[in-house]
Amino acid sequence: YKVKNFSHPGHKNRDDSGNKVLLVTSENEQKFILTFRKNIEHAELEAEALKRISKVKGPVPKLINSSKNWLVQEYIAGDRLSSVINTENKDLCSDLIYRGISSLIHLQEIAKNIHLFKSAKPVCISKYWKELEVNALGSISELTQLSLPNIDRNKIIDVLTINPYSFVKWDARPGNAILG
């Protein structure tokens, strides 16, 4: 395939991780998502997860090819959840939230059935990470100018402890959810 053009879905530099995502359009108008993962282990895990979940018809893009840090994925057209959820229509908003959560639960059921958790090393399990998450509540409070309620930090940290380990789709965010 010859590349006709490319763009950056979302933001050009969404984070400082070194990861990059491009929407590539070929000369014959086929579209693909080209992803670079700075961490090769993450790239390999993502490729494995996409292959295994799509093999059982899970709601993820098909992996077209991968090589080391690079992945080529199927492009799925449609509105992103993040662009339509900001609505004053409370019924629509509730339906979108319900559909998003249902999709994540469905993905976790698939991952459990195909034993995907055995391929993935546990992440975000350290006490340090959990404390960062609890501290984020204060940051959200400051940004929204809403007062932070009294919270039991230890109870929140306990809730963030997952036993047994389970697969979590780490890039599950509204910007990655396509409405179907």
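Residues numbered from 1 in each chain as written. Predicted model: local features only at pLDDT ≥ 70, side-chain atom pairs only at ≥ 80, totals over all residues. Heavy atoms only, no water.

**Considerations on the environment of L148**
The line we're drawing: Segments assigned H or I by DSSP are reported as helices when at least four residues long, segments assigned E as strands when at least two residues long, and all are numbered from the N terminus. Contacts are residue-level and defined by heavy atoms, with any inter-residue pair within 4.5 Å sufficient.
Secondary-structure assignment places L148 in the loop between α4 (127–144) and α5 (153–159). Taking the C-alpha atoms as reference points, L148 and L137, eleven residues apart in sequence, are found 7.5 Å from one another. Every residue in contact with L148, bar those within four places of it in the chain, is listed here: L137, G138 and S141.

**Quick word on the pattern of salt bridges**
What counts, and what does not: For this analysis, a salt bridge means a side-chain nitrogen from Lys or Arg found within 4 Å of a carboxyl oxygen belonging to Asp or Glu. Burial classes follow relative accessibility: with a 1.4 Å probe on protein chains only, a residue under 20% of its type's maximum area counts as buried, one over 50% as exposed, and anything between as partly exposed.
Per the counting criterion, the structure on display carries five salt bridges. Between E29 and K4 there is a salt bridge, with its nearest N and O atoms 2.5 Å apart. Note that E29 is positioned in the loop between β2 (20–26) and β3 (31–36) and K4 in strand β1 (residues 3–7), a separation of 25 residues in sequence. A salt bridge links E131 to K127; the shortest N-O distance between them is 3.5 Å. With E131 and K127 both in helix α4 and four residues apart, this pair spans about one turn of that helix. Note on K127: relative accessible area 53%, which makes it exposed.

**Observations regarding helix α1 (residues 40–55)**
Rule in force here: The span expected for a helix works out to 1.5 Å for each residue beyond the first. Here a polar contact means two N or O atoms within 3.5 Å. Within protein one must be a hydrogen donor candidate and the other an acceptor candidate, and residues neighboring in sequence count only if both atoms are side-chain atoms.
With 16 residues, α1 extends 22 Å between its outermost C-alpha atoms, agreeing within 8% with the 22 Å of an ideal straight helix rising 1.5 Å per residue. What α1 keeps buried is the set A43, L45, E46, A47, A49, L50, I53 and S54. For α1, the elements touching its buried residues are β4 (63–67), β5 (70–74) and α3 (90–113). N-cap assignment for α1: the residue whose side-chain oxygen lies 2.8 Å from the backbone N of E41 is N39. Downstream of α1 by one or two residues, K57 has phi in the positive range, about 65°.

**Considering the nonpolar core**
Heads up, the rule is: For the purposes of this section, nonpolar cores are sets of buried Ala, Val, Leu, Ile, Met, Phe, Trp, Tyr and Cys residues that join through side-chain atoms within 4.5 Å.
Counting 13 residues, the largest nonpolar core has L50, I53, V60, L63, L71, I114 and L116 as its most contacted members. Ranked by residue count, the leading element in this core is α1, at five residues. If near-sequence neighbours (up to four positions away) are discounted, L71 is found in contact with I33, L34, T35, R37, A43, E46, A47, L50, L63, N65 and S66.

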